[in-house]
2 protein chains.
Amino acid sequence: MDEFMAAAIEEARQGYAEGGIPIGSVIVCDGKIIGRGHNRRVQQGSATLHGEMDALENAGRHPAEVYRRSVIYTTLSPCSMCSGAILLYGIPKVIVGENHTFMGEEEHLRSRGVAVEVLQDDTCIELMRRFIAERPELWNEDIGEPA
Amino acid sequence: MDEFMAAAIEEARQGYAEGGIPIGSVIVCDGKIIGRGHNRRVQQGSATLHGEMDALENAGRHPAEVYRRSVIYTTLSPCSMCSGAILLYGIPKVIVGENHTFMGEEEHLRSRGVAVEVLQDDTCIELMRRFIAERPELWNEDIGEPA
């Protein structure tokens, strides 16, 4: 297991342990994690802090040059909001844990020149399968789908 | 002046008075403002709280049904991140103060069925023109452009 995806999964597990949505993310620049986070919908009553957004927020403010040589790891295929954030900052590469349980905007990202690699990692899939089975209403809220 | 765009401009002015980036937004559901906010990059060291994101965050958690009958007002054409958030939640209509100083993802929004109306409001344009002239490096940081 790649150490950075392992860190993203650790974030996802922490979110699950907190009663939250188990999606984690890390941002890596020059071989080091500069931001990490997980979905905070439950924990902070947040409508915007998906895993990727939380990692971006925790990374803090950076000039464009930092993002443009970074890679973002996320346990789940990025939704339109998180994909939009990736495009805003020009992050050139996304490593996705899985897209079996949710297919995000991977094609849109690729159409704008972002490299998207999908690992279809069993741990990521199992975490989401369990969560969606346990809390379908919470999952629907997080992706803007009617209950 | 539409009362909701006036509220978004009030948010933008408040952001400017705080030394921040003067972009404001409100979300309106059933004729009432359910969330309002402004860019918090400077004030909170935030990489994700653009005006629209701050309004979404301040609106709190809602089921999909609320967003799907809402309108979002923003003083500036929404960037890819904010446009992605609008798509995530299925907000069907966006009222934009202006797109002279920055053209966001209006065509992408329209291609996904979102109604986008642009007012080209002089107050919005003047606020952004002044800010960009005064703080070009901060503006570039906010839109992920090299300094």
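Residues numbered from 1 in each chain as written. Chains lettered and ligands numbered in written order. Predicted model: local features only at pLDDT ≥ 70, side-chain atom pairs only at ≥ 80, totals over all residues. Heavy atoms only, no water.

- With an unreviewed UniProt entry as reference, chain A is termed Nucleoside deaminase, source organism Sphingoaurantiacus capsulatus.

**A closer look at the interface of chain B and chain A**
Quoted interface sizes are often the accessible area lost when the parts come together.
Consideration 1: In this complex, chain B contributes 37 residues to the contact, which on the side of chain A involves 37 residues.
Consideration 2: Summing both partners gives a buried area of about 3,000 Å² for chain B against chain A, and 51% of it is carried by carbon and sulfur.
Consideration 3: Here chain B and chain A share 6 salt bridges between them.
Consideration 4: Across the pair R112(A) and E105(B) runs a salt bridge, and its minimum N-O distance is 2.9 Å.
Consideration 5: For the interface between chain B and chain A, the tally reads 23 residue pairs in polar contact (both at pLDDT 80 or more).
Consideration 6: Taken together, the elements giving at least two residues each to the side of chain B that touches chain A come down to α2 (41-44), α3 (51-59), α4 (64-67), α5 (80-89) and α8 (136-142) of chain B.
Consideration 7: The element best represented in the side of chain B that touches chain A is α5(B), accounting for 7 residues.
Consideration 8: The residue inventory of the side of chain B that touches chain A, partitioned by class, reads 17 nonpolar, 10 polar and 10 charged. (Contact = heavy atoms within 4.5 Å. Buried area = accessible area lost by both parts, 1.4 Å probe. Salt bridge = Lys/Arg side-chain N within 4 Å of Asp/Glu carboxyl O. Polar contact = N/O pair within 3.5 Å; in protein donor to acceptor, adjacent residues only side chain to side chain. Helix = DSSP H or I, 4+ residues; strand = E, 2+ residues; numbered from the N terminus. Nonpolar A, V, L, I, M, F, W, Y, C, P; charged D, E, K, R; others polar.)

**Details of the relation of the copies chain B and chain A**
Consideration 1: Of the transformation placing chain B onto chain A, the axial shift is 0.0 Å and the rotation is 180 degrees, giving an RMSD of 0.0 Å. As the rotation angle and translation indicate, the two copies are arranged about a two-fold axis.
Consideration 2: Same-surface contact between copies: 100% of interface residues of chain B are shared with the interface of chain A. (Least-squares fit on C-alpha atoms with pLDDT ≥ 70 in both.)

**Concerning the packing of aromatic side chains**
The relation between two aromatic rings is expressed through the spacing of the ring centres and the mutual angle of the planes.
Consideration 1: Applying the stated criterion across every chain yields a total of 8 aromatic pairs over all chains.
Consideration 2: For the ring pair F102(A) and W139(A), a centre distance of 5.7 Å and an interplane angle of 85 degrees mean the geometry is edge-to-face. In this pair, F102(A) sits in the loop between β4 (93-96) and α6 (106-111) while W139(A) sits in helix α8 (residues 136-142), placing the two residues 37 residues apart along the sequence.
Consideration 3: Judged by its relative accessible area of 17%, F102(A) is buried.
Consideration 4: Relative to W139(B), the ring of F131(B) lies with its centre 6.3 Å away and its plane at 85 degrees, an arrangement referred to as edge-to-face. Taken as a pair, F131(B) and W139(B) share a single burial class, namely buried.
Consideration 5: Chaining the aromatic ring pairs together yields one cluster made of F102(A), F131(A) and W139(A). (Phe/Tyr/Trp six-rings, centres within 6.5 Å; stacked < 30°, edge-to-face > 60°. Buried < 20%, exposed > 50% of the residue type's maximum accessible area, 1.4 Å probe, protein only.)

**A closer look at the UniProt feature "domain: CMP/dCMP-type deaminase" (unreviewed entry) in chain A**
Consideration 1: According to UniProt, the "domain: CMP/dCMP-type deaminase" (unreviewed entry) feature falls on residues 1-116 of chain A.
Consideration 2: The span residues 1-116 of chain A carries 41% helix and 21% strand; its end-to-end C-alpha distance comes to 18 Å. (UniProt positions renumbered as here; feature names shortened; annotations may be inferred.)

**Thoughts on unusual backbone geometry**
Consideration 1: At D30(A), a position not held by glycine, the phi torsion is positive, near 55 degrees.
Consideration 2: Turning to its location among the elements, D30(A) is positioned in the loop between β1 (24-29) and β2 (32-38).

**Brief notes about the sheet that holds strand β4 (residues 93-96) of chain B**
Residue and element names in this part refer to chain B.
Consideration 1: Strands sit in the order β2-β1-β3-β4-β5 across an open sheet of 5 strands; the sheet is mixed. Lying at the two open borders of the sheet, with one neighbouring strand each, are β2 (32-38) and β5 (115-118). Averaged over all pairs of adjacent strands, the angle between their axes in this sheet comes to 15 degrees, without regard to strand direction.
Consideration 2: Here strand β3 (residues 70-74) runs beside β4; their pairing, made up of 4 bridges, is parallel. Looking at β4, one finds that V71 is bridged to K93.
Consideration 3: Each of β1 (24-29), β2 and β3 is contacted by α3, which is oriented at about 130 degrees to β2, the strand it contacts most. (Pairing = 2+ DSSP bridges. Axes fitted to C-alpha atoms, helices over the stretch in contact; angles between N-to-C directions.)

**Focus on the packing of helix α3 (residues 51-59) of chain A against helix α5 (residues 80-89) of chain A**
Consideration 1: Interaxial distance between α3(A) and α5(A) falls to 8 Å at its minimum, and their mutual angle equals 35 degrees. Mapping the contact onto sequence places E52(A), M53(A) and L56(A) in α3(A) and M81(A), C82(A), A85(A) and Y89(A) in α5(A).

**Observations regarding the pattern of salt bridges**
Consideration 1: Summed over all chains, the structure comprises 26 salt bridges over all chains.
Consideration 2: Close ionic contact of R110(A) with E107(A) constitutes a salt bridge, the shortest N to O distance being 2.9 Å. Here the residue R110(A) and the residue E107(A) both occupy positions in helix α6, the gap between them amounting to 3 residues, near one helical turn.
Consideration 3: The salt bridge partner of E141(A) is R61(B), with a shortest N-O separation of 2.7 Å. Of this pair, E141(A) sits in helix α8 while R61(B) sits in the loop between α3 and α4, each in a different chain.
Consideration 4: Its relative accessible area of 35% is what places R61(B) among the partly exposed residues.
Consideration 5: Salt bridges sharing common partners tie together R41(A), E141(A), D142(A) and R61(B).

**What to know about the nonpolar core**
Consideration 1: Counting 62 residues, the largest nonpolar core has M53(A), M81(A), W139(A), M53(B), M81(B) and W139(B) as the members making the most contacts within it.
Consideration 2: I9(B), A12(B), V71(B) and C124(B) belong to the second largest nonpolar core, which has 13 residues in total. (Core = buried A, V, L, I, M, F, W, Y, C linked by side-chain atoms within 4.5 Å.)

**Things to note about the sheet that holds strand β3 (residues 70-74) of chain A**
Residues and elements named next belong to chain A.
Consideration 1: Read from one edge of the open sheet, 5 strands run β2-β1-β3-β4-β5, paired in mixed fashion. Two strands close off the open sheet at either side, each with one partner strand: β2 and β5 (115-118). Neighbour-to-neighbour, the strand axes of the sheet open up by a mean angle of 15 degrees, direction not taken into account.
Consideration 2: Packed on one face of the sheet, helix α1 (residues 3-17) meets β1, β2, β3 and β4 and runs near 25 degrees to β2.

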